[in-house]
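Residues per chain, in single letters:
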Amino acid sequence: MTPGWMRRLAVHSTVALGIVVLLSGGGLLAQGEGKQAAKRAVAAQKLDAEYTAKIKEYTQDPRVSTELVDHLPASATVPSPLKFLGRIVGTPDYLTYYKDIKAYMEALAKAAPTRAKLFTIGKSEEGRDMIVLAIADEATIRTLDKYRKILADLTDPRKLTEAQAKALIAAGKPIYWATGNLHSGETGSAEMQMELAYRLIVEETPFIQNIRNNEIVFLTPVVEVDGREKVVDNLRYRQATNGKTMPLIWWGNYVAHDNNRDGLGVGLKLTQNVLRTFLEWHPTVMHDLHESSNYLYTSTGAGPYNMAIDPVQTDEWWLLAKYEVAEMTKRGVPGVWTGGFYDGWTPNYLFFIANTHNAIGRFYETQTYGPQNQTLNLPVGSTSREWYRPNPPLPTIKWGPRNNTNIQQSALLFALQYVANNRQMLLENYYIKNRRAIEKGRSDAPHAWVIPAGQRRRGEAANLVNLLRLEGVEVHTADSAFAAGTVQVAAGDYVVRMDQPYSNLVNMYLGTQFFAPGNPNPYDDTGWSLPLLRNVKLQKVDDASILDQKTHPMRMMGVDARVPGTVTGSGSVIIVDHNGDTSIAPFRFANKDVKMLAAEEPFEAAGRKLTAGAFIIPNADRARLEPSIKEFGLAAYAVASVPTVKTHEMSVPRIGYVHSWSRTQDEGWVRMAFDKLKIPYTYFGDTKLREGNLRQKYDVIVFPHVGGTAQSQVNGVQGPDPIAYKKTELTPNLGVQDSADDIRGGMGFEGLLNLMKFVQEGGLLITEGSTSTIFPEYHLVDGITVEEPSGLFARGVVMKSVFADRKSPIAYGYDSDILPVYFSQGPVLTAGGAAGFGVGGRGGAQIPGVGMNLTPNAIPQALATLDAPAAAPQGPGAVGGTRVRPQGPAVSIGARSVPRVILRFPTDPNDMLLSGGLLGQQALVGRAVVVDTPLDKGHVVSFANRPFWRWETHGSFNLAFNAILNWNHLDAGTAQ
Ligand SMILES: [Zn+2]
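An account of the accompanying structure is given in this report. (Residues numbered from 1 in each chain as written. Predicted model: local features only at pLDDT ≥ 70, side-chain atom pairs only at ≥ 80, totals over all residues. Heavy atoms only, no water.)

Some words on helix α4 (residues 98–111)
Condition: A run of H or I in DSSP counts as a helix once it spans at least four residues, and a run of E counts as a strand once it spans at least two, with each numbered from the N terminus. Between the first and last residue of a helix there are one fewer steps than residues, each counted as 1.5 Å, and that sum is the expected span. Burial classification: accessible surface area is computed with a 1.4 Å probe over protein chains only, and a residue below 20% of its type maximum counts as buried, one above 50% as exposed, and the rest as partly exposed. The contact rule is simple, with two residues in contact once any of their heavy atoms fall within 4.5 Å.
The terminal C-alpha atoms of α4, which comprises 14 residues, lie 20 Å apart, in line with the 20 Å expected from a rise of 1.5 Å per residue. Listing the buried residues of α4 in full gives Tyr 98, Ile 101, Lys 102, Tyr 104, Met 105, Ala 107, Leu 108 and Ala 109. Considering only its buried residues, α4 is in contact with α3 (81–85), β4 (116–123), β5 (129–135), α8 (188–202), β7 (216–220) and α10 (225–240).

Right, dumping it as structure tokens:
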């Protein structure tokens, strides 16, 4: 049903005798083009009649189209997608492999070298090349470097006079970079970009000429190039096997949909490649094309907007989005809207690379490409007319891949038109944003951030500096010691001056966040302060004198920071200080055949105090070890004899690493950290736990977060028939990470018992996030309760945690009682002693209420009186809303012992939050963050935090690595 006001108003192309008369698309012509444009307004170009007919045939509803995309011009020299692939873009039931998309883009660049240029921007983890196809008019493509230089110059107004800036703005051209198919299941943008590329190169309407003449379009059809091939494999398998599915277990090598949340860690190759390319070209707009809303959402966000972003920029989000909504609405295309969907707060998205660098980062969410035709029915909530949705989606519509192509290509063309029409304004804005970032650093505190180079975790300090440099931030080092206000700076300290173009990024990354819980539900993490998550000390400088080079001499770093390791003294024993740096565990594994001891207590040697956890290497082969110590940036001391301190031998463990077959999204971040730091492991699926003999193969098993309930994690993938996941002729791109003939059944009860047996026989099981709930919920360990507090709001926050047991090897190297950790909602773990009460002992006394409920969805237990410390205030919806999650079947096991809480949340609810938003925090008072539960000869170490979150949480890596290095001596430091 279409109300009259919704009818199409726009002029459409008219097809006659194979010649199309293309009228200029809606909207204004470029400024200053008046008469010439009018002359060009009607241009004749031969139409690709076959392609055009197919567009009409595949379009499921004529309302989901515009005059911009309802045809395709013919070309004698440039191959159309139909000519190259044998079908048009938007053909139902087909998806194109990335290798063919890339080949097509290469063919375009070859056929039209005067208007298109292709370059590769780096490889994926699986070794595929990522590409950009640049498109513009002939003169621009010939002199691309000239335009690159103009944008680079506008990025740094410190080197420009106002007159020079004006001249550059007049001469420059914006770059609009559209990136597609980052999320592997969102396939349409990759297909659409092939047709868009052809159209931009070939079409001779004033509309397209305007775009070609006034801006440079960058197209990256597929960002997650490894995932694309897997998705197409899956479709082929489904089609060849009558609808049987081989699920998409992995996208890229590491993470699935989180591949767009890597902006703060920059751990994935795709992020690194996009960031490097951004800093090389300074695109004016970066536009990431997603596919999970009806029918086209164009991003503005509903706030709260990130506070560090220039207001000009958040306004630009609206300028572009409203233009698209207006032009599409004018043409009667339903369901094009902006506003809510996301917030604009967290700077970790791929497109935020533009926003953190004073350009414009934005995204679409479109209705699925499919690729099958279907009838789409939407709920009332999606079809109401709202202020942000003037022409809402329809309750029912015929949808298909061509609809998706039409709607996203049309809207994107209007965005390109807007940028062409407002070329100078956008370049001026870009210049102004860069200039204001510099001016703000001069006029407003902070004027600089100082990262002391000589701090205890100096390797991690250097890593943080290098991350900033990777982001294009200028970092200086102090030439000599000086004071700036109250901040004492030592020679060699890292200084991040704020009088630079990317100062907003610096504040965003180094500052702390406060997210008022009263805001609309956040889209992602609410706090991410990197110095906290990386456990690096730094100081904010509020005194502007630091910017004066005469009194505060410093020089810009030309190369990355590197901390050279040192070996001082002489003697046959080498002591390596465990300073908590990320490189300590990699050093151990790099020298795995060298006998090393861990000191269990602080001690003195080589004339200095060393902490518990220091590595002591008797009879050391210095010639061999010294290069390694230097490489890993560690501080070591050679002494004559083994110091008198209690030690244990660190035997290098065989690590097994379990992934669930139902979800690998989150374990990928953990695996990435292990890979980057070269911690070796054997990777296998949860179903293999059923095979038993775990202890014969492994000393440590790492089982990272899966998500879901304890039961769903044990049950794994379900289904009536075997589900294979492997490389076959039909699916040549699967089976890279792992494969199986049947992925169903999870570990099952049998695998769970094998895991328990593994621990009982002396193994160490490490769980984090959701997998930390399995043993407590199945009652395999005593004294740990999993709670689900209903009033808790802790969405991706940096929390203060407190060491409850400094003598555990897990705490080795940490010199403070406090450690900032990443935490998000759960699991909330109460463990013996954690909240100020002790339970059980060997043989196991029971917490009342725990272990009574064997069925899912059991009655909520009123554990409040037990959980909360007596003095804690009980806010509404906090402790009172606590309930115990359902218990699995109780298993009769042998010896049990008291969980040892290593790290816990503070007891003061008002002293917990370090960065982000928090409400209902009484539910976290004294709760366990890291628990070590002995079970017969072995241990289960459970993390309620996420020690390896998105390559951001380097400060907590060592909690897990310490457990691994001391896997068979975790009882060290106990009274026994
Ligand atoms: Zn997406």
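Remarks on the packing of aromatic side chains
Going by this rule: We call Phe, Tyr and Trp rings a pair once their centres come within 6.5 Å, taking the six-membered ring for Trp, and we label the pair stacked below 30 degrees between planes, edge-to-face above 60, and tilted otherwise. Charges are assigned to positions over rings by a cutoff of 6 Å between ring centre and Lys NZ or Arg CZ, combined with an angular limit of 35 degrees from the ring normal.
For the coordinates displayed, the defined rule picks out 51 aromatic pairs. Centre to centre, the rings of Tyr 342 and Tyr 349 are 5.6 Å apart; their planes meet at 75 degrees, and the pair counts as edge-to-face. Considered together, Tyr 342 and Tyr 349 belong to a single accessibility category, that of buried residues. Sitting over the face of the ring of Trp 281, Arg 148 holds its NZ or CZ atom 5.0 Å from the ring centroid. The aromatic ring of Trp 951 is capped on one face by Lys 676, whose charged end is 5.4 Å from the ring centroid.

Some thoughts on the environment of Gly 938
Within the secondary structure, Gly 938 is located in strand β40 (residues 938–943). According to the relative accessible area criterion, Gly 938 is buried, its value standing at 1%. Between the C-alpha atom of Gly 938 and that of Gly 762, which follows or precedes it by 176 residues, the distance is 3.8 Å.

Focus on the coordination of the zinc ion
Where we set the bar: Here the term donor refers to an N, O or S atom within 2.8 Å of the metal (or 3.2 Å for Na, K and Ca), and because water is left out of the atoms, sites may appear incomplete. Geometry is assigned from donor-metal-donor angles: four donors are tetrahedral when every angle falls between 85 and 135 degrees, four are square planar and six octahedral when opposite donors sit over 155 degrees apart with all other angles between 65 and 115, and any other arrangement is irregular.
For the zinc ion, the full set of protein donor atoms is His 183 (ND1), Glu 186 (OE), Glu 186 (OE) and His 290 (ND1), and the range of their distances to it is 2.1 to 2.5 Å. Taken together, the four donor atoms coordinating the zinc ion span angles of 56 to 151 degrees at the metal, a pattern that classifies the geometry as irregular. In the primary structure, the donors to the zinc ion are separated according to the pattern H-x2-E-x103-H. The same class applies to His 183 as to Glu 186, namely buried.

Points about the sheet that holds β4
Adjacent strands of a sheet pair through backbone hydrogen bonds, lying either parallel or antiparallel. Convention followed: The criterion for strand pairing is that DSSP finds at least two bridges linking the strands in question. An axis is simply a line fitted to the C-alpha atoms; with a helix, the fit covers only the stretch in contact. Between two such axes, the angle follows the N-to-C directions and lies from 0 to 180 degrees.
If you trace the eight strands from one edge of the open sheet to the other, you get β4-β5-β7-β6-β8-β11-β9-β10, paired in mixed fashion. Each end of this open sheet is capped by a strand with a single partner; those strands are β4 and β10 (336–337). Here strand β9 (residues 296–298) runs beside strand β11 (residues 360–366); their pairing, made up of three bridges, is antiparallel. Bridging across to β11, Leu 296 finds its partner in Thr 366. Across the sheet, helix α11 (residues 269–281) is in contact with β4, β5, β6 (175–180), β7 and β8 (285–290); its angle to β4 comes to roughly 135 degrees. Its contacts with the sheet put helix α15 (residues 401–421) on β6, β7, β8, β9, β10 and β11, and the angle it makes with β11 is roughly 160 degrees.

Some remarks on the packing of α4 against α10
Condition: When describing relative orientation, an angle under 35 degrees is termed roughly parallel and one over 145 degrees roughly antiparallel, while 65 to 115 degrees is termed roughly perpendicular and anything else oblique. Note on residue classes: Ala, Val, Leu, Ile, Met, Phe, Trp, Tyr, Cys and Pro are nonpolar, Asp, Glu, Lys and Arg are charged, and everything else, Gly too, is polar.
Running from N to C, α4 and α10 cross one another at 120 degrees; their axes reach a closest spacing of 8 Å. One finds that α4 runs oblique with respect to α10. Here α4 contributes Tyr 98, Lys 99 and Ile 101 to the contact with α10, which in turn contributes Val 225, Arg 228 and Glu 229. Taken together, the residues of the contact of α4 with α10 sort by class into three nonpolar, no polar and three charged.

Side note on the sheet that holds strand β15 (residues 476–478)
Here five strands make up an open sheet; going across it, the order is β19-β14-β18-β15-β20 and the pairing antiparallel. For this open sheet the edge positions go to β19 (539–541) and β20 (554–556), each flanked by a neighbour on one side alone. Going from strand to strand, the sheet's axes swing by 30 degrees on average, the running direction of each strand aside. The sheet contact formed by strand β14 (residues 448–451) and strand β18 (residues 494–497) spans four bridges and is antiparallel. From the neighbouring strand, Ile 451 faces β18, where its bridge partner is Tyr 494.

With respect to the pattern of salt bridges
The line we're drawing: Criterion for a salt bridge: a side-chain nitrogen of Lys or Arg within 4 Å of a carboxyl oxygen of Asp or Glu.
Under the definition given, this model contains 57 salt bridges. The residue Glu 191 makes a salt bridge to Arg 228 at a minimum N-O spacing of 2.6 Å. A residue pair is termed long-range when its members are at least 10 positions apart, and Glu 191 in helix α8 and Arg 228 in helix α10 qualify at 37 residues. As far as burial versus exposure is concerned, Glu 191 and Arg 228 are alike and both buried. A salt bridge links Glu 626 to Arg 622, with the nearest nitrogen and oxygen atoms 2.9 Å apart.

Some details on the packing of helix α7 (residues 162–171) against helix α16 (residues 423–443)
Applicable threshold: The handedness criterion is simple: a crossing whose near helix is rotated anticlockwise from the far helix by less than a right angle is left-handed, and one whose near helix is rotated clockwise is right-handed.
At a minimum axis separation of 8 Å, α7 and α16 run at an interaxial angle of 140 degrees. As for the relative orientation of α7 and α16, their crossing is right-handed in sense. Residues Glu 162, Ala 165, Ile 169, Ala 170 and Ala 171 of α7 form the contact with α16, whose own contacting residues are Arg 423, Gln 424, Leu 427, Glu 428, Tyr 431 and Arg 435. Counted by class, the contact of α7 with α16 contains six nonpolar, one polar and four charged residues.

Considerations on the nonpolar core
The criterion, for reference: To form a nonpolar core, buried Ala, Val, Leu, Ile, Met, Phe, Trp, Tyr and Cys residues must be joined to one another through side-chain atoms within 4.5 Å.
Counting 237 residues, the largest nonpolar core has Leu 413, Val 576 and Phe 587 as the members making the most contacts within it. Apart from the residues within four sequence positions on either side, Phe 587 is in contact with Val 576, Met 596, Phe 615, Ile 617, Leu 625, Ser 628, Ile 629, Phe 632 and Leu 634.

Quick word on the pairing of β11
Most of β11 is tucked away, with seven of its seven residues classed as buried. The alternating pattern of β11 places Ile 360, Arg 362, Tyr 364 and Thr 366 and Gly 361, Phe 363 and Glu 365 on opposite faces, both of which are buried. Note: β8 against β11, six bridges, orientation parallel. Opposite Asp 288, over in β11, you have Phe 363 as the bridge partner.

A short note on unusual backbone geometry
Of note, the amide linkage connecting Gly 303 to Pro 304 takes the cis form, showing an omega dihedral of 0 degrees. Mapped onto the elements of the fold, Pro 304 is located in the loop between β9 and α12 (311–330). One non-glycine residue with positive phi stands out, namely Asn 181, at about 50 degrees. As for its position among the elements, Asn 181 is in the loop between β6 and α8. Judged by its relative accessible area of 0%, Asn 181 is buried. Phi angles above zero are rare outside glycine, and Asn 242 is one such case at about 60 degrees. Secondary-structure assignment places Asn 242 in the loop between α10 and α11.

A word on the side chain of Gln 513
Threshold: Whenever two N or O atoms come within 3.5 Å, that pair is a polar contact, provided that in protein one can donate a hydrogen and the other can accept it, and provided that, for residues adjacent in sequence, both atoms are side-chain atoms.
Mapped onto the secondary structure, Gln 513 falls in the loop between α18 (503–510) and α19 (530–533). Note on Gln 513: relative accessible area 9%, which makes it buried. Among the polar contacts made by the side chain of Gln 513, one reaches the side chain of Ser 915 at a distance of 2.7 Å. Discounting chain neighbours no more than four positions away, the residues touching Gln 513 are Trp 345, Met 508, Thr 526, Gly 527, Trp 528, Ser 529, Ser 915 and Gly 916.

Some thoughts on the environment of Pro 501
Residue placement: Pro 501 occurs in the loop between β18 and α18. With 60 residues separating them along the chain, Pro 501 and Gly 441 place their C-alpha atoms 9.1 Å apart. With sequence-adjacent residues up to four places away left out, Pro 501 is seen in contact with Thr 155, Asp 156, Arg 158, Asn 358, Asn 434, Ala 437 and Ile 438.

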